[in-house]
Amino acid sequence: MRRHQTRTAYTFLLVPLLFFLIVRFLPTLSALRLSLFDWNILKEQQPFVGTDNYQRLLTDGKFAQALKNTALYTVIGVPVQIALGLLVALLLNKIRALRGVFRALYFAPYVTPIVAAAWVWQWLFSPQFGPVNTFLVWLHIPPQNFLTSPDQALATTAALVVWQNLGFQVVLFLAGLSAIPRSYYEAAEIDGAGSSQAFWKITWPLLNPTIVFSVVTGTIAYLQLFTQVVNLNFTDQGGPLGSTTTVALYIYQLAFGRFQMGYASAITVVLFVIILAITLVQLRFLTRRYDL
Amino acid sequence: MTTTLPKTDVRDSSGTPRPRRRVNLPLLLAYLVLTVGIVVTLFPFMWMLLTSLKSFQELFNLRFLPEAPTLDNYRQVLLETKFIQWFANSLLVASVTTASVLFFDSMVGYTLAKFDFPGKTLIFILILSTLMIPTEMLVIPWFVGVSDLHLTRSVPGAYFSIMFPGLMSAFGVFLMRQFFETLPDDLLEAARIDGMSEFGIFWRIALPLVRPALASLAIFTFLGNWNAFLWPLIVIQNPEFRTLPVGTALFNGEAGTQWGLIMAASSLAVIPVLIVFAIFQKQIIEGIVLTGMKG
């Protein structure tokens, strides 16, 4: 019986395992190998350079800036996105009428093509005539430069990413919330618990797996931020003075703009190690009662 | 849901009758905050739709509503660009990858959930660990490989090059495995005793029972591939094969970027997706709940 099961299982898994091997694992090893060469797809010779690419990273100011920017995006984006998503989901869970309509409307940005969203963003935050500045002036706050300011471009770009991801976050939290039995809240109410007590004693701990999922997948996604940054700036150079450039964008510039694929691969390896380390730490600290 | 109980019968904990119609302040506040949120969230989205109806002369004026709404941008997008071709490309790429993910991910999820065999846990962990491999790390070797094999020279090769990274997903395997674990073993055992083939049990018994999970996996896979940007941008050489996001991003005419066209093309790309979500949102959310996002 067991042998029969094993044979069936491996028959079913054959094609998928080949896929994961050829499309995911071998390229990972290949990137590791490329990072040890001065690899340029347009050249005849691809000389072996050992750890030169990694040493070059240590003194590359542009890489340092891209790394710092990526960290900033993650630190701003992930918590804001989760807090807003949770707030909207909790409120949607409270209402009955119009719930489906609201849910679909909050989802709209998630399916908006990023190119269009990026243009609207440039217009919204335009220093001269943008509606956001009109609103600030109305509040007696001086107009800001936003995307054209090296200090504000990153936060403005992060706002676009949060705006686009909010809908997905809301759907995720609604799913998590609907899995909490109503009877828990009824019991808490009978025991005289207030709504903030109910939130911290019931909702928050029972939502923990969803929040862990959001933090981990959100962090991985923010560490690879690319599309919004490219489309918000017409060039592939990133915002003013490189202030919005991410690691992913820098990799793209090096590998497909200048064809320095060996050096770009070294950066991808570093990015991989960072993602792996952060994910493991997060899983360790965030999953208290849920062993993985 | 619309039936209301006679309010006079409802008493609160202190036993005094409630007033017939009490204003529910927290509920009112919830609606207020949600409405403000919707206005802020939808403002950029509405701007996209409204700009698509503006003529070139009106494009940069500050009015929210177009003064003289025109469908000219749509006419130009549909007739004078490769939009229809790009739309068809995206539809093809997203449909094929979705079908492939649904089939293979559910087969792997089913196997990992319902069979006992050596290497099971290791295979699951290995597949899950691919979620942590950054796409940037993979695209360089993919690009080198596709170039070496001269894949993009033929039509099937070009489409295959765009699609192959999305044909299976670790996320889908995780989702489907969670769901198949909730299916009772007895059901599968009964079919086995009836002499059904192993594939028949999977295809005709197990798969129909996980429809909500398949629905949510389908919509998110479709959306992901419909909006995919980095890899298609890199791999597509010939404008004929561009997908919608890449085609739209490279919508640069000789007189600068054609914003009216971008807005019209984007609106045409969003509206079908939004309609599908509006129709199936119950199943999608139910699917996420049931597939064990709860842990």
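Residues numbered from 1 in each chain as written. Chains lettered and ligands numbered in written order. Predicted model: local features only at pLDDT ≥ 70, side-chain atom pairs only at ≥ 80, totals over all residues. Heavy atoms only, no water.

Glancing now at the UniProt feature "transmembrane region" (unreviewed entry) in chain B. The positions UniProt marks with the feature "transmembrane region" (unreviewed entry) are residues 28–50, 83–110, 122–145, 157–180 and 259–280 of chain B. With 79% helix and 0% strand, residues 122–145 of chain B has end C-alpha atoms that lie 28 Å from one another. (UniProt positions renumbered as here; feature names shortened; annotations may be inferred. Helix = DSSP H or I, 4+ residues; strand = E, 2+ residues; numbered from the N terminus.)

Inspection of the entire model under this criterion finds 41 aromatic pairs over all chains. On the basis of an interplanar angle of 40° and a centroid distance of 6.4 Å, the ring pair of A:Phe226 and B:Phe229 is categorised as tilted. Here B:Phe229 lies in the loop between α10 (211–226) and α11 (230–235) and A:Phe226 lies in the loop between α9 (195–223) and α10 (227–232), a pairing that spans two chains. As far as burial versus exposure is concerned, A:Phe226 and B:Phe229 are alike and both buried. Connected via pairs of aromatic rings, a cluster forms that spans A:Phe12, B:Phe103, B:Phe104, B:Tyr110, B:Phe115, B:Phe180, B:Phe199, B:Phe202 and B:Trp203. Over the aromatic face of A:Tyr263 sits the side chain of A:Arg56, whose NZ or CZ is 3.6 Å from the ring centroid. The residue whose ring lies beneath B:Arg177 is B:Phe124, and the NZ or CZ to ring-centre distance is 4.0 Å. (Phe/Tyr/Trp six-rings, centres within 6.5 Å; stacked < 30°, edge-to-face > 60°. Buried < 20%, exposed > 50% of the residue type's maximum accessible area, 1.4 Å probe, protein only. Lys NZ or Arg CZ within 6 Å of the ring centre and 35° of its normal.)

This part is about the interface of chain B and chain A. Every contact between the two is made by 89 residues of chain B and, on the other side, 86 residues of chain A. Counting the contacts that link chain B with chain A gives zero salt bridges. One can count eleven residue pairs in polar contact (both at pLDDT 80 or more) joining chain B with chain A. The element best represented in the side of chain B that touches chain A is helix α1 (residues 25–51) of chain B, accounting for 18 residues. Looking at side-chain class alone, the side of chain B that touches chain A contains 67 nonpolar, 17 polar and five charged residues. (Contact = heavy atoms within 4.5 Å. Salt bridge = Lys/Arg side-chain N within 4 Å of Asp/Glu carboxyl O. Polar contact = N/O pair within 3.5 Å; in protein donor to acceptor, adjacent residues only side chain to side chain. Nonpolar A, V, L, I, M, F, W, Y, C, P; charged D, E, K, R; others polar.)

Residues and elements named next belong to chain A. Here the UniProt-annotated "transmembrane region" (unreviewed entry) positions come out as residues 12–32, 71–92, 104–124, 206–225 and 263–286. The straight-line gap between the two end C-alpha atoms of residues 71–92 is 31 Å; of that span, 100% is helix and 0% is strand. Between the C-alpha atoms that bound residues 104–124 there is a distance of 23 Å. The span itself is 90% helix and 0% strand.

The subject of this paragraph is a nonpolar patch on the surface. A contiguous nonpolar surface patch, about 810 Å² in accessible area, is contributed by A:Leu72, A:Ile76, A:Val80, A:Leu84, A:Leu87, B:Leu29, B:Leu32, B:Val33, B:Val36 and B:Val40. Here A:Leu72 is to be found in helix α3 (residues 61–94). For A:Leu72, a relative accessible area of 36% translates into the label partly exposed. (Patch = residues over 30% accessible without salt bridge, like charges linked within 9 Å, V, L, I, M, F, W, Y side chains within 5 Å. Areas by Shrake-Rupley, 256 points an atom, 1.4 Å probe, with all protein chains shown as cover.)

For the rest of this paragraph, the subject is the nonpolar core. Counting 177 residues, the largest nonpolar core has A:Phe256, A:Ile267, B:Tyr110, B:Ile140, B:Phe180 and B:Trp231 as its most contacted members. Sorting elements by how many residues they give to this core places helix α7 (residues 153–178) of chain A first, with twelve residues. Leave out the neighbours within four places in its chain, and A:Ile267 touches A:Leu57, A:Phe63, A:Val247, A:Tyr250, A:Ile251 and A:Leu254. (Core = buried A, V, L, I, M, F, W, Y, C linked by side-chain atoms within 4.5 Å.)

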